[in-house]
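What follows is each chain in one-letter form.
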Amino acid sequence: MRAYALKRIGLVIPTLVLVSIIIFVAMRVLPGDPAVLKLIGLDGEGSYTAADLAKVKAELGTDRPLLAQYGTWVWGVVRGDFGKSFWYGIPVMREVKQRFPVTLELAMFAILIAVLLAVPLGVLSAIKQDTWIDYATRVFTISGVALPTFWIGILVIFSMARWLHWLPPLGYATPWEDPWTNFKQLIFPALALGFHDVAFIARVTRSAMLEVLREDYVRTARAKGLTERTVFFVHALKNSFLPVVTVSGWQFGRLMGGVVLIEAIFVVPGTGSLLIESVSNRDFTMIQALILVAAIVVLAVNLLVDLAYGWLDPRIRYS
């Protein structure tokens, strides 16, 4: 186990290097010069001279060779310094520390809701195969997989405003300062964000349960006189959890990308809304930091998922 964990952790480093290169190159290939945008403003009505442009580029460091810019940025990242924002001129790390916990809490809230709803739904659908419960669950899961996340978010906002005459409070309250306000602010964004995951994980749970229920050891358990509850929840459920854990880890990574639109729709002050602002402002350093931090979280979740396999299935050996 230890050797396997160290090997997987060792693979994180080249993965992050590759991610950093892709981010850095993509920012420089896409059209739009941050120095020009800073001079003309977002409305595009400003003017500048060649000397002004050269001065701003020197201040931002974009006049240097690309390799030198990348080396400086990576060396700063290694030391925990993502540099300064091209647009606001403030340390990027300060903004990341303020915004990233909000996004992480929202994503964790969404995946928790998804797993708590999807697993019982998938198990029930498998137990009641080919009944009206199974058909209703399958219609729900197919609809959930088909509907885009941003559309669900818009429908939630519209429904609350149109029929309930209520909207979640704006801003953000930390869970340790005001837990109830924090819950009201994040419950609906989390539901909208996790709706797709509920449907997808429920489908995987149903398929895995149906496959396990056909195994010989399940028939043996029934032949020994065990109750159906024991057969389902002790013998079948744990052994069908491997694919559920796999897709849950993958879905968490997808959630880290899905928060961009949901945070914009529900006005949640996380990294998603900050990323949209940074893209509009061509704030290269901020974009690079946000994507790199998200990549680190996704890699950490994937490592935990891989390590959980051994606990769920003792037959798995890390060698």
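Above this text sits the structure in question.
Described below are features of the structure shown in this document. From a predicted model like this one, the values you see are computed outputs, not experimental measurements.

### Concerning the overall build of the protein chain
Okay, step 1: Scanning the protein chain from N- to C-terminus turns up 13 helices and zero strands.
Okay, step 2: Reading the secondary structure of the protein chain in the N-to-C direction produces α-α-α-α-α-α-α-α-α-α-α-α-α.
Okay, step 3: Projected onto its principal axes, the C-alpha coordinates of the protein chain cover approximately 85 × 55 × 35 Å.
Okay, step 4: The buried share of the protein chain, reckoned over its 319 residues, is 42%.
Okay, step 5: Once local pairs closer than 6 in sequence are excluded, the contacts in the protein chain between residues at least 24 apart make up 73%.
Okay, step 6: Here the protein chain has roughly 17,400 Å² of accessible surface; of this, 68% comes from carbon and sulfur atoms.
Okay, step 7: Looking at the protein chain, you have 29 positive and 23 negative side-chain charges, and the mean spots of the two groups are 8 Å apart.

### Observations concerning the packing of aromatic side chains
By convention here, two paired aromatic rings are described through the distance between centres and the angle between planes.
Okay, step 1: On inspection of all chains with the given rule, the structure shows seven aromatic pairs.
Okay, step 2: Between Tyr-70 and Trp-73, the ring centres sit 6.3 Å apart and the planes meet at 55°, which makes this aromatic pair tilted. Residue Tyr-70 and its partner Trp-73 are both found in helix α4 (residues 66-78); the two are separated by three residues, about one turn of the helix. This pair shows no difference in class: Tyr-70 is buried, exactly as Trp-73 is.
Okay, step 3: Grouping aromatic residues by their ring pairs yields a cluster made of Phe-24, Tyr-70 and Trp-73.
Okay, step 4: Seen from the ring of Phe-24, Arg-28 lies directly overhead, with NZ or CZ sitting 3.9 Å from the centre.

### What about unusual backbone geometry?
Okay, step 1: In this structure, Asp-130 is a non-glycine residue whose phi angle is positive, near 65°.
Okay, step 2: In the Ramachandran plot, Arg-282 falls in the positive-phi region, its phi being about 55° despite a non-glycine side chain.
Okay, step 3: We classify Arg-282 as partly exposed; its relative accessible area is 28%.

### Structural notes on the nonpolar core
Okay, step 1: If you look at the biggest cluster of nonpolar residues, it comprises 77 residues, and the most contacted ones within it are Phe-82, Val-96, Leu-193, Ile-201, Met-209, Phe-252 and Phe-266.
Okay, step 2: At 15 residues, helix α5 (residues 92-127) tops the list of elements feeding residues into this core.
Okay, step 3: The contacts of Phe-252, once residues within four sequence positions are left out, are Leu-104, Ala-107, Met-108, Ile-111, Val-297 and Val-301.

### Here we look at the packing of helix α11 (residues 241-266) against helix α12 (residues 271-280)
Okay, step 1: Relative orientation of the contacting elements α11 and α12 amounts to 90°, with a least axis distance of 7 Å. Comparing their axes, α12 and α11 come out roughly perpendicular. Contacts between α11 and α12 involve Val-259, Val-260, Glu-263 and Ala-264 on the former and, on the latter, Thr-271, Gly-272, Ser-273, Leu-275 and Ile-276.
Okay, step 2: Considered class by class, the residues forming the contact of α11 with α12 number five nonpolar, three polar and one charged.

### As for helix α7 (residues 149-164)
Okay, step 1: If you check α7, its first and last C-alpha atoms are 21 Å apart, about what 16 residues at 1.5 Å a residue would give, namely 22 Å.
Okay, step 2: Residues Thr-149, Ile-152, Gly-153, Val-156 and Met-160 constitute the buried set of α7. One side of α7 carries all its buried residues, which in axial view fall inside an arc of 105°.
Okay, step 3: Buried residues belonging to α7 abut α8 (179-213) and α11.
Okay, step 4: His-165 lies just past α7 and shows a positive phi near 55°.

### A closer look at the pattern of salt bridges
Okay, step 1: Taken as a whole and judged by the stated rule, the model has four salt bridges.
Okay, step 2: In this structure, the salt-bridge partner of Arg-99 is Glu-95, at a minimum N-O distance of 3.7 Å. One end of the pair is Arg-99 and the other is Glu-95, both in helix α5 and four residues apart, which spans about a single turn.
Okay, step 3: Arg-138 serves as the salt-bridge partner of Asp-134, at 3.3 Å between the closest nitrogen and oxygen.

### A look at helix α3 (residues 50-60)
Okay, step 1: Buried residues of α3: Leu-53, Val-56 and Leu-60, and no others. The buried residues of α3 occupy an angular sector of 70° when projected down its axis, which confines them to one face. Opposite the buried face of α3, by more than 90 degrees, sit the exposed residues Ala-50, Ala-51, Lys-55 and Glu-59.
Okay, step 2: Tucked into the core, α3 has its buried residues touching α2 (34-40).

### Some points on a nonpolar patch on the surface
Okay, step 1: Nonpolar side chains collect at one region of the surface, where Ile-13, Val-17, Ile-21, Val-25 and Val-29 lie side by side and expose about 440 Å² of accessible area between them.
Okay, step 2: Note that Val-25 resides in helix α1 (residues 2-29).
Okay, step 3: When its relative accessible area of 42% is taken as the criterion, Val-25 is described as partly exposed.

### A word on the side chain of Ser-273
Okay, step 1: Take Ser-273: it is sitting in helix α12.
Okay, step 2: Residue class for Ser-273 comes out buried when judged on its relative accessible area of 14%.
Okay, step 3: Discounting chain neighbours no more than four positions away, the residues touching Ser-273 are Arg-99, Glu-263 and Val-268.

The rules behind the values
Residues numbered from 1 in each chain as written. Predicted model: local features only at pLDDT ≥ 70, side-chain atom pairs only at ≥ 80, totals over all residues. Heavy atoms only, no water. Helix = DSSP H or I, 4+ residues; strand = E, 2+ residues; numbered from the N terminus. Buried < 20%, exposed > 50% of the residue type's maximum accessible area, 1.4 Å probe, protein only. Contact = heavy atoms within 4.5 Å. Areas by Shrake-Rupley, 256 points an atom, 1.4 Å probe, with all protein chains shown as cover. Lys, Arg positive; Asp, Glu negative; His and termini not counted. Charge placed at Lys NZ, Arg CZ, Asp CG, Glu CD. Phe/Tyr/Trp six-rings, centres within 6.5 Å; stacked < 30°, edge-to-face > 60°. Lys NZ or Arg CZ within 6 Å of the ring centre and 35° of its normal. Core = buried A, V, L, I, M, F, W, Y, C linked by side-chain atoms within 4.5 Å. Axes fitted to C-alpha atoms, helices over the stretch in contact; angles between N-to-C directions. Parallel < 35°, antiparallel > 145°, perpendicular 65-115°, else oblique. Nonpolar A, V, L, I, M, F, W, Y, C, P; charged D, E, K, R; others polar. Expected span 1.5 Å × (residues − 1). Arc of directions from axis to C-beta. Salt bridge = Lys/Arg side-chain N within 4 Å of Asp/Glu carboxyl O. Patch = residues over 30% accessible without salt bridge, like charges linked within 9 Å, V, L, I, M, F, W, Y side chains within 5 Å.

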